[in-house]
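# Structure at a glance
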Amino acid sequence: MTLKVGVLGYRFMGKAHANALARLPMFFPDAPDVERHTLIGRDEEALSEAADRLGFAHTSTDWEEVIDEVDAFYNLGPNFVHAEPSIAALEAGVPVLCEKPLAANLSDAERMAEAARSADVPTATAFNYRFIPAIQYAKGLIEDGVLGEIHQFRGRYLQDWLVDPDAPWSWRNDEELAGSGALGDLGAHTIDLARFLVGDVERVSGHLQTFVDERPVEGESTGDGETAADETRPVTVDDAYSAQAELEGDVMATFEASRFANGHKNDHTIEIHGSEGSLKFSLERLNELEVLRGENRGYETVLVTDESDPYVEHWWPPGHVIGWEHTFVHENYEFLSAVESGTEYHPNFADGVAVQKVLDAIERSDESGEWLQVE
Ligand code: SOE
């Protein structure tokens, strides 16, 4: 059977997932057959150019029509578009993969998770970093007790694309459209990894800050290399956040993210300390994991491209490293395999709403100045 996939969104994430779908038959012969069926967007000209480039057979400006024609629906639109199309697809019994964070606010995320429960088909919240071989290796070490009892988790995700006060305003700077800023965009990944590797978040104390309050709207070109950008719009989300947290099992955690961290491009790092050892992971060196076993013996750098890598046989011989885009291939492979076999998939919408509850509690804690329980 060929699974027809309908994809809403054709920019950054559209490209990442289309690339993943194209790689599946080449590298994962055991994956279901997949057709890049319909690409969905609003601007017909841009959509048609993207569909040709990304290998989609059809285009549509109406997601409602597409839902009835496909076997899986990918919602890769901005956060405020996550809820309605995803819920409609689930009500039609179509499995859904939705980009993170699950929604722009907790009530939408809860409605989506409820629709997923009723539909009882596989859903995915696209936390692609779970599918990095080094992260899966780390999980195996923790489950095997190599780190002993876990005491601390530290995660930070730093980028710098908003340091320039003239960096243009986009939906990502607007509370209605995005929900939050660095918190939801980047922090959601870190919080998901904390849940995946260590456990649920029980209580938090958060702090959010916006360093630039308004940004220029990208203007029309004036033809002389300048843009007519005298209009600005307010920034209504955080540029950076930090939070202290307690995870289940009395694990102490800190989370931090910024889109304002000069010099950091896509710097997501995780550190975990246990009674018997520690781990360090950096997304900028994603083929490696630093592991400390026992006290005072120093960290050993494990190159995770050998038999410990669950996907190594699909790619290159050990030592031939993989990159950021491969995380999407692994994610698509696992999700579409679950769609074909009708089995459970994680991280699903229940995982997405669990993260959204933490994002929501961090924001409320910033407003009230108090530690809050995550319900
Ligand atoms: C933001 O810059 C961003 O593209 C996030 O939206 C992605 O989730 C992250 O993986 C990379 O950075």
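Residues numbered from 1 in each chain as written. Predicted model: local features only at pLDDT ≥ 70, side-chain atom pairs only at ≥ 80, totals over all residues. Heavy atoms only, no water.

### Some remarks on unusual backbone geometry
Rules: Only DSSP runs of H or I reaching four residues or more are called helices, and only runs of E reaching two or more are called strands; each is numbered from the N terminus.
Note the cis peptide between Lys100 and Pro101, where omega equals -10°. By the element assignment, Pro101 lies in the loop between strand E5 (96–98) and helix H5 (106–119). In the segment running from His346 into Pro347, the intervening peptide bond is cis, with an omega of 0°. Structurally, Pro347 can be placed in the loop between helix H9 (324–341) and helix H10 (349–368). For Asp250, which is not glycine, the phi dihedral falls at a positive 60°. Following the sequence through the fold, Asp250 ends up in the loop between strand E11 (240–247) and strand E12 (251–258).

### Some details on the packing of helix H4 (residues 83–91) against H5
How we decide: For helices, the axis comes from a line fit to the C-alpha atoms of the stretch in contact; other axes are also lines fit to C-alpha atoms, and the angle between any two N-to-C directions lies between 0 and 180 degrees. Note on angle classes: values under 35 degrees are labelled roughly parallel, values over 145 roughly antiparallel, values of 65 to 115 roughly perpendicular, and the remainder oblique. For this analysis, residues touch if any pair of their heavy atoms sits within 4.5 Å.
The contact between H4 and H5 brings their axes to 9 Å, and the two run at 10°. As judged from the angle between their axes, H4 and H5 are roughly parallel. Each of Ala83, Glu84, Ser86, Ile87 and Leu90 in H4 lies in contact with H5, whose residues at this interface are Asp108, Arg111, Met112, Ala115, Ala116 and Ala119.

### Overview of the sheet that holds E5
Here is the rule we go by: DSSP-based pairing: two strands are paired if at least 2 bridges between them are found.
Across the sheet, which stays open at both edges, the six strands sit in the order E3-E2-E1-E4-E5-E6 with parallel pairing between neighbours. This sheet does not close on itself; its edge strands, each paired only once, are strand E3 (58–60) and strand E6 (123–125). On average, each strand axis in the sheet is tilted by 20° relative to the strand beside it, whichever way the strands run. Summarising the sheet, strand E4 (residues 72–75) and E5 pair through three bridges and their orientation is parallel. Within E5, the position partnered with Phe73 by the bridge is Val96.

### Let's talk about the site of the ligand
This is how it is decided: For this description, a residue counts as near a given molecule or strand if any of its non-hydrogen atoms is within 4 Å of it. Here the accessible surface of atoms and residues is derived via Shrake-Rupley with a 1.4 Å probe, and residues count as covered only by protein chains that are part of the display. Grid points spaced at 1 Å and placed over the protein atoms alone form the basis of the search, with a cavity being a set where a 1.4 Å probe fits but cannot get out and a pocket an open set showing protein on both sides within 12 Å along at least five of seven lines. Lining residues have an atom within 4 Å of a point. Assignment to a cavity or pocket requires that more than half of a molecule's atoms be within 2 Å of the site's grid points. By the convention adopted, Pro, Cys, Tyr, Trp, Phe, Met, Ile, Leu, Val and Ala count as nonpolar, Lys, Arg, Asp and Glu as charged, and the other residues, Gly among them, as polar.
As a structural note, the neighbourhood of the ligand is formed by Phe12, Lys100, Tyr129, Tyr157, Gln159, Trp161, Arg172, Asp185, His189 and Asn266. Across the complex, the protein chains shield 89% of the 310 Å² of accessible surface that the ligand would expose by itself. For the ligand, the cavity whose grid points lie within 2 Å of the majority of its atoms is the largest pocket. The residue inventory of the shell around the ligand, partitioned by class, reads four nonpolar, three polar and three charged.

### Re empty space enclosed by the protein
Put simply, the rule reads: Grid points are joined across faces, edges and corners, and a volume is the space filled by probe spheres set on the points.
Going through the model one piece at a time under the given rule, you end up with three cavities of 30 Å³ or more. Each pocket or cavity is described by its volume, and for the largest cavity that value is around 50 Å³. Every residue along the wall of the largest cavity is listed here: Thr305, Asp309, Val312, Trp315, Trp316, Pro317, His320 and Ile322. For the lining of the largest cavity, the per-class residue count stands at five nonpolar, two polar and one charged. Empty space within the second largest cavity amounts to approximately 40 Å³. Taken together, the elements giving at least two residues each to the lining of the second largest cavity come down to helix H6 (133–143), strand E13 (267–274) and strand E14 (277–282). Class assignment for the residues of the lining of the second largest cavity results in eight nonpolar, no polar and one charged.

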